[in-house]
Amino acid sequence: MNKTKEIRYKKINTRLYPIYKMISWDLLFYYSIIFLFLTQAKNFSASQVLLGEAFFTASCLIFQIPIGVLVDRIGKKKSLIFANICMCIFSFMLIVINSFNQLLIAYFIDAIGYVIKGICETNILYDSLPKGKKRGGLYSTIDGLGASRYYIVDAITSIIAGFAYVINPYFPITLCFIANLFSTILSTKFRNIQLPNEEEENKTTIHKYFKDLKEAIKFSIKSKRMRALLVFFGLMSGLLYNITTLRSGVLNQIQIPEQHFGIIFALSQVIASIMSKSQNMINKKLKNHTLAFLGIPLTISCIIIGILSNISVSLLGTYVIICLFIFQGGIKGAYNVLIYRYLNNFTIKGIRTKLATIRNILYSIFSIIISLIGAAFLNVTLASYTIIIIGCITTIIMILLLDYMRDKVGLKISQYDKEDLKYNPNNN
C-alpha cells in the first residue's frame with residue numbers, strides 16, 4: 001500500500017467510525033426490554049436469565065484466544081463483518097427460540113460476535129490515527145463522539161422498544177435484527193490499514209500468535225500499571241454488564257409499567273451521551289482520581305437502590321431509585337471511553353490486540369462471577385436484596401483495588417518504571 005492510499009484509507013476509517021459506532025456499538029432496541037421479553041414472552045425465570053448471561057460470558061472467555069488467532073489471520077475488517085453477521089443470527093434466534101437450551105445456543109453465537117467486535121473495533125480506529133503523543137487524545141475525542149451518538153440513538157430506540165413491547169413483545173427484537181443488518185452493511189465500508197512491511201506479519205502462525213500473547217501476558221503481569229488497569233476493567237465492566245438485568249428486576253419488583261422501562265433506559269443513555277462527550281474534561285480535572293470518581297459511586301449506588309427498594313414504596317423513593325439508575329448511565333458513558341484510552345496509552349501497535357484479548361478474558365471472568373452470584377440469590381430472594389449483596393461485595397473490592405492503584409496509575413510517563421510501558425513515542 002502506497003503512502004497516499006494509506007492516508008486516504010485512514011481518513012475513510014476515522015470518518016466512518018463515529019457513524020458505525022453510533023449504530024453498531026451494542027444492540028439497539030434490546031436492553032430496555034430483554035429481561036421482560038425473556039421472562040414474559042419466553043417464560044424463563046429471572047435466575048435462568050442471569051444463568052444465560054453467565055453462559056454468554058463463559059463463552060466469551062473460551063473464545064478469546066481462538067478469536068484472537070482468527071483476527072490476526074484474516075484481518076480486522078473481515079473479522080468485524082463476520083461479527084456483525086453473528087449478531088444478526090443471534091437477534092433472529094431470539095424471535096424463534098422456545099427452550100432454554102436454544103437460548104444458550106443463541107448466546108453462544110452472540111459471544112462469538114461480541115468478542116470479535118471487542119477486539120477489532122477500537123483497534124481499527126487506533127490504527128487509523130496519526131502516530132505520536134496526541135494519538136490518545138484524538139482517539140478519545142473520535143471514540144467519544146461515536147459513543148455519544150450511540151447513546152442518543154439508543155435512548156430513542158429504547159423508548160420505541162418500550163412502547164412497541166406493549167403492542168407486541170416481538171416487535172423490539174425484530175427492530176434489533178434490522179439494526180444489526182444495517183451494522184453489517186456499515187462494517188463492509190471500513191478499509192484495511194496495512195503497510196508493506198506488515199504484510200508478512202499479518203500472515204500470523206498459531207505459534208507466533210501464542211508467542212506474542214505470552215509476551216503480552218508477561219507485560220501485563222510485570223507492569224503494575226497495566227495489571228491494576230486490567231483488574232479495574234474486569235470488575236467495573238462486569239458490574240456494568242450485570243446491572244442491566246438487575247435494574248430490570250428491581251423496576252419490575254417496584255411495579256414500574258413495562259412501557260416506562262424504555263423511557264428510564266433512554267434517560268440513562270442520554271446522560272451517558274453527555275458524560276461521554278465530557279470525558280476529556282473529567283479526565284483533565286480529576287486526573288489520577290478519575291477512576292475512583294467513577295468506581296465508588298457506581299458500587300455505592302447499587303447498595304442505595306437495593307435499600308430503597310425494600311424500605312420505600314413512596315413516589316419519592318421510586319423517583320430516587322430511577323434517578324440513581326440514570327446516574328449509573330452517566331458513569332457508564334464516561335467510563336466506556338476513558339478506560340480504553342488508559343489501556344491503549346503507552347502501548348505499541350503489536351501488543352494492543354493481545355492486550356484486548358487479556359482484558360476481555362478478565363471482563364468475562366468478573367462477569368461470570370457476578371452473574372452466578374446474582375443467579376444464586378435471585379433463586380432465593382428478591383432483586384433488591386441481590387443488588388445490595390453485589391453492591392457490598394464490589395464496593396469492598398473497589399476500595400482495596402483503588403488503594404492499590406494509588407501510586408501506579410495516572411502518572412506522567414517519566415514517573416513509570418521501564419516494565420510499566422510498551423511505548424515508542426514515534427510509533428505508538
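Conventions adopted
- Residues numbered from 1 in each chain as written.
- Predicted model: local features only at pLDDT ≥ 70, side-chain atom pairs only at ≥ 80, totals over all residues.
- Heavy atoms only, no water.
- Core = buried A, V, L, I, M, F, W, Y, C linked by side-chain atoms within 4.5 Å.
- Buried < 20%, exposed > 50% of the residue type's maximum accessible area, 1.4 Å probe, protein only.
- Helix = DSSP H or I, 4+ residues; strand = E, 2+ residues; numbered from the N terminus.
- Contact = heavy atoms within 4.5 Å.
- pLDDT = per-residue confidence, 0-100.
- Patch = residues over 30% accessible without salt bridge, like charges linked within 9 Å, V, L, I, M, F, W, Y side chains within 5 Å.
- Areas by Shrake-Rupley, 256 points an atom, 1.4 Å probe, with all protein chains shown as cover.
- Salt bridge = Lys/Arg side-chain N within 4 Å of Asp/Glu carboxyl O.
- Phe/Tyr/Trp six-rings, centres within 6.5 Å; stacked < 30°, edge-to-face > 60°.
- Expected span 1.5 Å × (residues − 1).
- 1 Å grid on protein atoms, 1.4 Å probe; cavity = no way out; pocket = protein on both sides within 12 Å on 5 of 7 lines; lining within 4 Å.
- Points joined across faces, edges and corners; volume = space filled by probe spheres on them.
- Nonpolar A, V, L, I, M, F, W, Y, C, P; charged D, E, K, R; others polar.
- Polar contact = N/O pair within 3.5 Å; in protein donor to acceptor, adjacent residues only side chain to side chain.

A few points about the nonpolar core
Then, number 1: Grouped together as the largest cluster of nonpolar side chains are 120 residues, with contacts concentrated most on Y30, L94, F232, M236 and M405.
Then, number 2: Broken down by element, the residue count for this core peaks at 15 residues, all from helix α9 (residues 224-253).
Then, number 3: Those residues within four positions of M236 in sequence are excluded, and the remaining contacts are L294, G295, L298, I331, Y335 and M398.

Considerations on the confidence of the model for the protein
Keep in mind that low pLDDT regions are not for reading the predicted coordinates in detail.
Then, number 1: For the protein, the mean per-residue pLDDT works out to 85, and 89% of the residues sit at or above 70.
Then, number 2: Confidence, expressed as mean pLDDT per element, reaches its minimum in the protein at helix α8 (residues 206-222) with 77 and its maximum at helix α7 (residues 170-187) with 96.
Then, number 3: The model gives residues 423-428 a pLDDT under 50, and that stretch makes 17 contacts with residues more than four places away or in other chains.

Side note on a nonpolar patch on the surface
Then, number 1: Together, I159, F163, I263 and L267 make up a nonpolar patch on the protein surface, roughly 310 Å² of accessible area in all.
Then, number 2: At the level of secondary structure, the elements contributing two or more residues to the nonpolar patch comprise α6 (135-167) and α10 (258-277).
Then, number 3: Topologically, F163 is positioned in helix α6.

Points about the packing of aromatic side chains
Two numbers describe a pair of aromatic rings. These are the distance of the centres and the angle of the planes.
Then, number 1: Under the defined criterion, the tally for this structure stands at 19 aromatic pairs.
Then, number 2: With a centroid separation of 5.3 Å and 85 degrees between ring planes, the pair formed by F37 and Y170 is classed as edge-to-face. A residue pair is termed long-range when its members are at least 10 positions apart, and F37 in helix α2 (residues 34-41) and Y170 in helix α7 qualify at 133 residues.
Then, number 3: Take F37: its relative accessible area is 0%, and that puts it in the buried class.
Then, number 4: Here the aromatic rings of F56 and Y241 are separated by 5.9 Å at their centres, their planes lie at 25 degrees, and the arrangement is stacked. Of this pair, F56 sits in helix α3 (residues 46-74) while Y241 is found in helix α9, placing the two residues 185 residues apart along the sequence. With respect to class, F56 is no different from Y241; both count as buried.

Let's talk about helix α4 (residues 76-96)
Then, number 1: End to end, α4 covers 31 Å across 21 residues, agreeing with the expected 30 Å (1.5 Å per residue, within 8%).
Then, number 2: For α4, the full list of buried residues reads S79, L80, I81, A83, N84, C86, M87, C88, F90, S91, M93 and L94.
Then, number 3: Along its buried surface, α4 packs onto α1 (3-24), α2, α3, α5 (100-127) and α7.

Let's talk about empty space enclosed by the protein
Then, number 1: Overall, the coordinates contain five cavities of 30 Å³ or more when judged by the stated rule.
Then, number 2: Space inside the largest cavity adds up to approximately 730 Å³.
Then, number 3: Those elements that place two or more of their residues in the lining of the largest cavity are α1, α5, α6, α9, α10, α13 (315-344) and α14 (349-378).
Then, number 4: Considered class by class, the residues forming the lining of the largest cavity number 17 nonpolar, eleven polar and eight charged.
Then, number 5: Its boundaries defined by the atoms lining it, the second largest cavity holds a volume of some 180 Å³.

Brief notes about the side chain of S148
Then, number 1: Residue placement: S148 occurs in helix α6.
Then, number 2: Side-chain polar atoms of S148 contact the side chain of S273, separated by 2.7 Å.
Then, number 3: Not counting residues within four places of it along the chain, the set of residues in contact with S148 comprises S273, S276 and K277.

A word on the pattern of salt bridges
Then, number 1: All told, the structure shown has five salt bridges when counted by the stated rule.
Then, number 2: Here K10 makes a salt bridge to E6, at a shortest N to O gap of 2.9 Å. Here the residue K10 and the residue E6 both occupy positions in helix α1, the gap between them amounting to four residues, near one helical turn.
Then, number 3: For K10, a relative accessible area of 15% gives the class buried.

With respect to the side chain of S384
Then, number 1: Here S384 shows up in helix α15 (residues 383-405).
Then, number 2: S384 sits in the buried class, given a relative accessible area of 0%.
Then, number 3: Within the structure, S384 has its side chain in polar contact with the side chain of Q253 (distance 2.9 Å).
Then, number 4: Among residues more than four places away in sequence, those in contact with S384 are V250, Q253, G306, S309 and N310.

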